[in-house]
Amino acid sequence: MAVVNIRRDVDDKFYRYRMPLLQTKIEGRGNGIKTVIPNMSDIARALSRPPTYPTKFFGCELGAQTTFDEKADRYIVNGAHQADALRKLLDDFIAKFVLCGSCKNPETDLKIMKDGMILRDCKACGKRSDVDMRHKLTTFITKNPPPKKAKGAKGAGKAAGQSVEAQGGDDDDAKSDEDDFTAKINADAKDMPKANEAEDDADDVQWSVDTSDEAVKARAAAALASSLKANLVLGDDDEGEDDENSPYNQFGTWLLANRTGGSEGRTDLASAEVYKKAVELGIEKKHKAVQVLIQGLISEDAAKDVEKYGAVIVKMTSSEKHQKSLLGGVERLAGVTYPELVPNGVPKVLMALYQLDALDEEVVQTWGTHVSKKYVDKETSKRVRKAAAPFLEWLAEADDDDEEDSDLDDL
Ligand SMILES: [Zn+2]
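On a predicted model such as this, the values are computed, not experimentally measured, just so you know.

With antiparallel pairing, the four strands of this open sheet are ordered in space as β3-β4-β6-β5. Of all strands in the sheet, those bounded by a partner on one side alone are β3 (25–27) and β5 (66–69). Averaged over all pairs of adjacent strands, the angle between their axes in this sheet comes to 25°, without regard to strand direction. As paired elements, β5 and strand β6 (residues 74–78) share four bridges and run antiparallel to each other.

On the basis of which strands lie adjacent, the open sheet formed by three strands has the order β7-β8-β9 and antiparallel pairing. Every other strand in the sheet has two partners, leaving β7 (108–112) and β9 (128–130) as the edge strands with one partner each. When the angles between neighbouring strand axes are averaged without regard to direction, this sheet yields 30°. Bridging between β7 and strand β8 (residues 118–122) involves five bridges; their strand directions are antiparallel. Residue pairing for β8: Leu 110 is matched across the bridge by Arg 120.

One finds Phe 251, Val 274, Leu 293, Leu 297, Ile 313, Leu 350 and Leu 353 to be the most contacted residues of the largest nonpolar core, which totals 49 residues. Not counting residues within four places of it along the chain, the set of residues in contact with Ile 313 comprises Leu 293, Ile 294, Ile 298, Val 306, Leu 326, Leu 353, Leu 356 and Ala 358. Listed in part, the 37 residues of the second largest apolar core include Ala 64, Leu 90, Leu 119 and Val 131.

So, on to the coordination of the zinc ion. The coordination sphere of the zinc ion contains the protein donors Cys 100 (SG), Cys 103 (SG), Cys 122 (SG) and Cys 125 (SG), at a distance range of 2.2 to 2.4 Å. Around the zinc ion, the four donor atoms are arranged such that angles at the metal cover 107 to 115°; this shape is classified as tetrahedral. Taken in sequence order, the residues that donate to the zinc ion follow the motif C-x2-C-x18-C-x2-C. With Cys 103 in the loop between α3 (83–97) and β7 and Cys 125 in the loop between β8 and β9, this residue pair connects regions lying 22 residues apart in the sequence. By relative accessible area, which is 23% here, Cys 125 ends up partly exposed.

This part covers the confidence of the model for the chain. The predicted model of the chain has a mean per-residue pLDDT of 79, with 73% of residues at 70 or higher. Low pLDDT, under 50, characterises residues 231–241; the stretch is placed with 27 contacts to residues that sit more than four places away or in other chains. For the stretch residues 405–411, pLDDT sits under 50, and the model shows three contacts to residues farther than four places along the chain or on other chains.

On to the pattern of salt bridges, then. Summed over the entire model, instances satisfying the criterion amount to 17 salt bridges. Residue Asp 130 is joined to Arg 383 by a salt bridge in which the shortest nitrogen-to-oxygen separation is 3.1 Å. Placement of Asp 130 in strand β9 and of Arg 383 in helix α15 (residues 378–402) is noted, with a sequence separation of 253 residues between them. Neither residue differs from the other here; Asp 130 and Arg 383 are each classed as buried. We note a salt bridge from Glu 284 to Lys 285, for which the minimum N-O separation is 3.8 Å. Members of the salt-bridge network, linked through shared partners, are Lys 25, Glu 27 and Arg 74.

Right, let's talk about the side chain of Thr 380 for a bit. Within the secondary structure layout, Thr 380 lies in helix α15. With a relative accessible area of 1%, Thr 380 lands in the buried category.

Time to look at the packing of helix α7 (residues 247–258) against helix α9 (residues 287–297). One way to put it is that α7 packs onto α9 with a least axis distance of 8 Å and a crossing angle of 25°. One way to sum up the angle between α7 and α9 is to call them roughly parallel. In the packing of α7 onto α9, the handedness of the crossing is right-handed. Between α7, through Tyr 248, Phe 251, Gly 252, Leu 255 and Leu 256, and α9, the contact on the second element is made entirely by Lys 288, Ala 289, Val 292, Leu 293, Gln 295, Gly 296 and Leu 297. In terms of residue class, the contact of α7 with α9 is made up of eight nonpolar, three polar and one charged.

To continue, consider the pairing of β6. Of the strand pairs in this sheet, strand β4 (residues 34–36) and β6 are connected by three bridges, and their pairing is antiparallel. The residue of β6 that forms the bridge with Val 36 is Ile 76.

All right, on to helix α8 (residues 271–280) then. Of all the positions in α8, only Ser 271, Val 274, Lys 277 and Ala 278 are classed as buried. Down the axis of α8, the buried side of the element spans an arc of 125°, and every buried residue falls inside it. Facing away from the buried side of α8 by over 90 degrees, the exposed positions are Ala 272, Lys 276 and Glu 280.

To continue, consider helix α2 (residues 52–62). Counting along an α-helix, one turn takes 3.6 residues, and residues three or four places apart therefore face a common direction. What α2 keeps buried is the set Thr 52, Tyr 53, Pro 54, Thr 55, Phe 57, Phe 58 and Gly 59. The inward-facing, buried residues of α2 abut α1 (40–47), β5, β6, α3, β7 and α4 (137–143). Following α2 by one or two positions, Gly 63 adopts a phi angle in the positive range, close to 60°.

By secondary structure assignment, the location of Glu 284 is in the loop between α8 and α9. Setting aside residues no more than four positions away along its own chain, Glu 284 makes contact with Tyr 275, Ala 278, Val 279 and Met 316.

Criteria and cut-off values
Residues numbered from 1 in each chain as written. Predicted model: local features only at pLDDT ≥ 70, side-chain atom pairs only at ≥ 80, totals over all residues. Heavy atoms only, no water. Pairing = 2+ DSSP bridges. Helix = DSSP H or I, 4+ residues; strand = E, 2+ residues; numbered from the N terminus. Axes fitted to C-alpha atoms, helices over the stretch in contact; angles between N-to-C directions. Core = buried A, V, L, I, M, F, W, Y, C linked by side-chain atoms within 4.5 Å. Buried < 20%, exposed > 50% of the residue type's maximum accessible area, 1.4 Å probe, protein only. Contact = heavy atoms within 4.5 Å. Donors = N, O, S within 2.8 Å, 3.2 Å for Na, K, Ca; no water. Tetrahedral: all angles 85-135°; square planar, octahedral: opposite > 155°, others 65-115°. pLDDT = per-residue confidence, 0-100. Salt bridge = Lys/Arg side-chain N within 4 Å of Asp/Glu carboxyl O. Parallel < 35°, antiparallel > 145°, perpendicular 65-115°, else oblique. Left-handed = near helix turned anticlockwise from the far one by under 90°. Nonpolar A, V, L, I, M, F, W, Y, C, P; charged D, E, K, R; others polar. Arc of directions from axis to C-beta.

Here is the structure:
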């Protein structure tokens, strides 16, 4: 049987990742006409996805009903569809639900996070990329999560054995009729931090996180590099500073190599030293530098790191514009580098920054109500803000208390 590259756009006979070429067989006639995909389970195996996912994807894209009988190995799309059309759709499925969003390698696992987001977890580069949650297939995936891998089963990555597998809704079968949005809301509610839970967050991370030093660092470096490259770190007055030798890039790289936080790095990097480095590079007053500062300096132990580096964070966050850049850094951090910070970590980081006086109330409130694509994609931006809700509510309440004495209440 014909075999093709999983990425059909890669024209390389020696490309490592291959799959059987999709075949079709039309059965029935009239209203009952349907397209059977006899080799769907072989294709799915090559993609490391359940065969139901691509089949259902075809149904979503074509607006057609699908049926599958896993025991009989029958995967069917209603209606008559040409093999070529389905092959193109399979390319789409692979691009959206298989390939790493960063390095385009197909060795990824789908992870369903506690907040309902579905991520592609790349074994090759360690990066995690969101799938587009607007696609209807995500509802199906949420209801039919990928099978758990046997413990100790080797994925492609050498650290696979270290991961702790968990999907939020193991006991959720009874609720399988909910749409994914309801499921998300419920998951969020369940995960909202209670008043003083700050100290026992060690247990919060239940999903699969490769915590090896290399993986963590690779993820942080990749996120920072991509934000610099994609010009996500915006500067008003900056031209041509997004190349590898830009002072921002140098600053970020230096921070990642020397920072104290998390499981890697040194144990003695001081705020003063960080500031000195920024001065040396001539960017200590730039708001763009603040975003790099956050992404380069703060690890998954975010709230603690903010405290540790409070002095330099405050010093470099000198205006409203700098604060916005700071929040952009938090979005990148929680949205891309350390997705485990959503939901519980975000309110804690914001609280820590607020208590430092690095953030003004109005700036945070405005940020909280304005989804923006400036630093991360829209979905991620929403997700981070949603996670910030407990802090924003607290802030609003604290504000109300302040105003109790004022005349405003008498109106
Ligand atoms: Zn990758």
